[in-house]
Amino acid sequence: MLFRKLVEVFESLESTTKRLEMTDSLVMLFKETPSSDIDKVVFLTLGEIYPPFIGLELGLAEKLAVKALSLATGVKEEIIIEDLKKTGDLGQTGENIFSNRKSRTLLFKEPLTVDKVYSTLEKICKATGKGAQELKIKYLAGLLTNAEPKEVKYILRIAQGRLRLGIADMTILDALAIAFCGSKEYREVIERAYNLSSDIGLVAKTLTEGGIDAIKNFKVTIGKPIKPQLAERLSTIEEILEKIGGECYAEYKYDGLRIQAHVSPDEIILFSRRQENLTEQFPDVVEALRGTVKVREAILDGECVPVDPNTGELLPFQVVAHRRGRKYDVEKMVEEVPVIYFAFDLLYIDGEDLTVKPYFERRERLKTVVEETSKVKLAEYIVSKDTSEIEKFFHKAVQEGSEGLLCKSPNSLYEAGKRGWAWIKWKRSYRSEMTDTVDLTVIGAFAGKGKRAGTYGALLMAAYNPEEDVFETVCKLGSGFTDEDLAKLPEIFKPYLRGEPHPRVKTVMKADYWFTPVVVLEVIGDEITLSPMHTCGMGAVRPGSGLAVRFPRLVRFRDDKSPEDSTTVSEIIDMYKRQLKKIEQAQIPPEEKEWVESP
Ligand code: ATP
């Protein structure tokens, strides 16, 4: 397939912010794509080369990309940089430069194919070690030499990891369903395959080669992370048991880092909840798991929790948070803050996909597969339908340093990538007012004044609406930052700056700066209020009104979460409704039941 075709579609995607139009363009593109290229087309459209768990990302430094452009065109770097200052986008600058020298382009250049572009970008991605920079420049320049001006624009953006067409994985899945199965209805089964493999290219290829039947039979494979099942929340055990249908597995909810361990004789790979490869950061967990799993191959789901080396007590998550993303001084960290891996689920053994088996069976088999040691343990649990027994167990869990309980339905299958009522968390901090935190995505910012001049005064925060795949604003966050945090904000958000709200953002507020939704922050507020200023759940509770978090304060950065992992709009609506119910129960006069956000 010619790369030119892909570029035409990129152009039309860029010219609209309407999701339906975007999906239509993608459907047409996928229908025209030969099966041999479909995975590459999908990855390039997302501005990627591999699924994130491979850990190889495009992100060529601007300096090197400028050098490549200069090498390909003979135009001096200073001139390129001058134009770049005006456009702020090397892709656009590249297009300008190539357009201006049209007369000098080669007459008989080979048209670029998707395969050629992909494989060259792959080489750029993989080049490491001595001489890697020169190689990267050479590969990129070679590619540009054969490109048309518009192709140059997109090649440069992709190579820098800055394509940003506003297309998310879910839009790709919708388009695949329509293109190859004729209807969006099939998205769910295709999404399941994606959730089992985290590899959208593989899913697209399986669909084009084997049709929907191959997707229905899609199996878990070792080495490809399964997206984690997530939990809903309720505040009393009575409500939890009613929702789960009587009996449940009540387990300690450890306050650690979710880690999925893929164990095989050759290697042990650890994945985070966002499918990043954490193997190097947790060599102690790899070591601890070696020999404790009594089958050839297994995938375990669990929580990695720091312990006080002196007392053996469990410590809060923050203590291991530093290990994520840090390659250096891991040895020191391992020594200073040892961890225990608590396994709570078994998703695969020796070729058998256990995600389709009920929880009680997975849990029973987990016992026979894992040999407990001081560093690998099974999560504590009881099976019960007795509220007072579970309540007692809850207090024991809290006393021993966990956050509360995770109650699981015995007959539920593993719902990869889904937040549902089969797992319900019950945390110690729940009370009637909003004492539980929410995870929100930063989508914009307001300029700081006075003491905050030069940095941001507040961030515009949004919850995620998975049905529409958009982010809906829910509060302005300006409290809870240290001076140090504040000073760093413009630098942190610089790569995500954009001229207008991102196409996946719904807002009526006008911020001074807009960002691509990437950064997730954990936030606590006083309560959820009705607000005409925010779009979160607009009209769901009252016409013309959305919901807002009142008096929000920063708790911490959640860089282990992707924007799609943010608290959802429907969760916020549920929190609001539960809040109302509590007030009704407490018989507070009706006029106090309604809050409107203070200006
Ligand atoms: P929170 O911010 O409340 O920790 P979360 O948004 O990170 O929640 P949830 O799905 O809401 O994720 O809560 C489940 C999380 O609790 C899991 O992702 C996992 O990291 C952790 N956890 C601790 N103990 C268990 C357990 N026994 N079973 C399942 N998950 C557990």
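Refer to the structure presented above.
Residues numbered from 1 in each chain as written. Predicted model: local features only at pLDDT ≥ 70, side-chain atom pairs only at ≥ 80, totals over all residues. Heavy atoms only, no water.

**Quick word on the nonpolar core**
And step 1. F30, L140 and L405 are the most contacted members of the largest nonpolar core, which totals 111 residues.
And step 2. In terms of residue count, the dominant contributor to this core is helix α10 (residues 169-181) (seven residues).
And step 3. Listed in part, the 30 residues of the second largest apolar core include A445, L477, V519 and I573. (Core = buried A, V, L, I, M, F, W, Y, C linked by side-chain atoms within 4.5 Å. Buried < 20%, exposed > 50% of the residue type's maximum accessible area, 1.4 Å probe, protein only. Helix = DSSP H or I, 4+ residues; strand = E, 2+ residues; numbered from the N terminus.)

**Some words on the site of the ligand**
And step 1. The environment of the ligand is made up of 18 residues, and the closest members are E251, E303, K425, K427 and K561.
And step 2. Between the ligand and K427, the relevant distance is 2.7 Å, taken from an oxygen atom to a side-chain nitrogen or oxygen of the residue.
And step 3. When residues of the shell around the ligand are traced back to their parent elements, those giving at least two are β1 (230-233), β2 (248-253), β10 (404-408) and β11 (419-427).
And step 4. Per element, the largest residue contribution to the shell around the ligand is four residues, and it comes from β11.
And step 5. Tallied by class, residues from the shell around the ligand come to seven nonpolar, no polar and 11 charged. (Near = heavy atom within 4 Å. Polar contact = N/O pair within 3.5 Å; in protein donor to acceptor, adjacent residues only side chain to side chain. Nonpolar A, V, L, I, M, F, W, Y, C, P; charged D, E, K, R; others polar.)

**Topic: the packing of aromatic side chains**
And step 1. Taken as a whole and judged by the stated rule, the model has 16 aromatic pairs.
And step 2. Plain terms: the ring middles of F53 and F271 are 6.0 Å apart, the flat faces sit at 85 degrees to each other, and that makes the pair edge-to-face. Note that F53 is positioned in the loop between α3 (38-45) and α4 (62-73) and F271 in strand β4 (residues 268-271), a separation of 218 residues in sequence.
And step 3. Assessed through its relative accessible area of 5%, F53 is described here as buried.
And step 4. On the accessibility criterion, F271 (2% relative accessible area) is buried.
And step 5. Of the aromatic side chains, those joined through ring pairs into one cluster are Y249, F344, Y359, Y381, Y414 and W423.
And step 6. Residue placement shows K476 over the ring face of F446; its charged tip is 4.5 Å from the ring centre. (Phe/Tyr/Trp six-rings, centres within 6.5 Å; stacked < 30°, edge-to-face > 60°. Lys NZ or Arg CZ within 6 Å of the ring centre and 35° of its normal.)

**As for the pattern of salt bridges**
And step 1. Evaluated as defined, the whole model comprises 46 salt bridges.
And step 2. For E14, the salt bridge identified is with K153, shortest N-O distance 3.7 Å. Pair noted here: E14 is in helix α1 (residues 3-14) and K153 is in helix α9 (residues 149-159), with a separation of 139 residues, a long-range link.
And step 3. Ionic pairing is found between E95 and K150, a salt bridge with its closest N-O pair at 2.5 Å. Of the two residues, E95 sits in helix α6 (residues 90-100) while K150 sits in helix α9, which places them 55 residues apart along the sequence.
And step 4. Its relative accessible area of 9% is what places E95 among the buried residues.
And step 5. Several salt bridges share partner residues, and in doing so they unite R19, D174, K184, R187, E191, K418, D469, R504 and E564 into one network. (Salt bridge = Lys/Arg side-chain N within 4 Å of Asp/Glu carboxyl O.)

Without other data, these values stay purely geometric and don't point to any function.
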